[in-house]
Amino acid sequence: MFKHAKGILPLLAALALAACDGGTGSDQAQLSIRLIDAPGDLAQAWVKIDRIYLQGSAADSTGGRTDVLTAPTGWVDLLTLSGGRTAELVNGAVVPAGRYSELRFVVCEAYVVTKTGTVYATKDAELPAGVTATGQLQVPSGCSSGIKVKFPGGDDAVVLESESAIMTVDFDVTQSFGHQAGNSGHWVMHPVLRATGVGFAGGIAGAVSLAQGVTLPTCGGSAVTVQAFTPRAIAGADSLNATVGTDARYRITAAPGTYTMTYVPVVAYTNGDSLTVTATPSAPTVTVASGGTATADYSITAATCKAKPAG
């Protein structure tokens, strides 16, 4: 559960997916973070997020920093994240339950491209091939203490309890980048990051079975089982695949919202064989309520194996 220090957060239906396997104890919580962007005036805006951490109050059991992202993301194109598209940054990180005063993004490398084609980059940034900086971009405190994310409602702390929480963070490009004052010609990034949506994770679950008269072939050198089948849930530009368990059931942990149910039609094997599957979901679309579970079973109606051509 995710709360303001002053009360329960409103449940906002952010289109964010998170895959969390298993539960947590009463002293642990799960947090997933998705990144979006309000449209801006730049041609391009890229950042590498080196670390994301929660800062606990020294008076709480969570005192100190709790890392929720420890491996750099690589270059994230902020301008592709408008119009409802998101980038998954943290996926079901297990953190101690408790009160947290801050959420911070550590950004050591960034660059922007203006509408005129000028590139401004942070010092020593490892830019992609073909990109050359002609000016400097400064990110005050971005690589040291990190960039503070503003929590919804203006509260100065949140409480993570034993349920899963999914947070959507808006990296506002329009307000974050601009020319530095004076005559240096540099650009400066004063990032504006807001947690715009927080909700309790719900889920989609179901069983996978064979339609009457359907048998599974041998493919990839062994007999195919229903575990080769991959259910998929789609919401806008986001999609998440599920793994079918040995009990022929699957589960997807998802934010509140409406999802189109489909599946991965082709499975490629390392020996060159390919399995083509057709199936019918019992519910073409499902709506996940906050903390609830929607159901969509699958019936496999055909499965054929195409062997790797000889020679």
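Residues numbered from 1 in each chain as written. Predicted model: local features only at pLDDT ≥ 70, side-chain atom pairs only at ≥ 80, totals over all residues. Heavy atoms only, no water.

(A) The arrangement of the state of the cysteines in detail. The final tally for this structure, using the stated rule, is 2 disulfides. The residue that forms a disulfide with C108 is C143, at a sulfur-sulfur distance of 1.9 Å. A torsion of 80° about the S-S bond marks the disulfide between C108 and C143 as right-handed. A residue pair is termed long-range when its members are at least 10 positions apart, and C108 in strand 8 (residues 98-113) and C143 in the loop between strand 10 (135-138) and strand 11 (147-150) qualify at 35 residues. (Disulfide = S-S within 2.5 Å. Helix = DSSP H or I, 4+ residues; strand = E, 2+ residues; numbered from the N terminus.)

(B) Expanded view of the nonpolar core. Ranked by internal contacts, the top residues of the largest apolar core, which has 44 residues, are L35, I52, L78, F105, F177 and M189. In terms of residues, this core owes the most to one element, strand 8, which gives 6 residues. The next biggest cluster of nonpolar side chains, apart from the first, holds 33 residues, and it includes I166, A201, A235 and A242. (Core = buried A, V, L, I, M, F, W, Y, C linked by side-chain atoms within 4.5 Å. Buried < 20%, exposed > 50% of the residue type's maximum accessible area, 1.4 Å probe, protein only.)

(C) Expanded view of the pairing of strand 8. With 14 of 16 residues buried, strand 8 is to be regarded as a mostly interior element. In this structure, strand 4 (residues 44-56) lies alongside strand 8, joined through 12 bridges in antiparallel fashion. Its bridge partner being in strand 8, Y53 is matched across the sheet by R104. Here 3 bridges tie strand 8 to strand 12 (residues 158-160), and the two strands are oriented antiparallel to one another. If you follow G98 over to strand 12, its bridge partner there is L160. In the sheet, strand 8 pairs with strand 9 (residues 119-121) via 3 bridges, with the strands oriented antiparallel. Directly across from V112, in strand 9, lies its bridge partner Y120. Here strand 8 hands over to strand 9 after 5 residues, with G117 in that stretch at a positive phi of 95°. (Pairing = 2+ DSSP bridges.)

(D) Representation of empty space enclosed by the protein within the structure. In this structure the tally under the stated criterion is 1 cavity of 30 Å³ or more. Reported here for the largest cavity is a volume of approximately 50 Å³. If you go around the largest cavity, the residues you meet are L216, V224, T225, V226, A228, F229, L275, V277, I300 and A303. Elements that contribute at least two residues to the lining of the largest cavity include exactly strand 25 (274-281) and strand 28 (298-306). Among the residues forming the lining of the largest cavity, the class breakdown is 9 nonpolar, 1 polar and no charged. (1 Å grid on protein atoms, 1.4 Å probe; cavity = no way out; pocket = protein on both sides within 12 Å on 5 of 7 lines; lining within 4 Å. Points joined across faces, edges and corners; volume = space filled by probe spheres on them. Nonpolar A, V, L, I, M, F, W, Y, C, P; charged D, E, K, R; others polar.)

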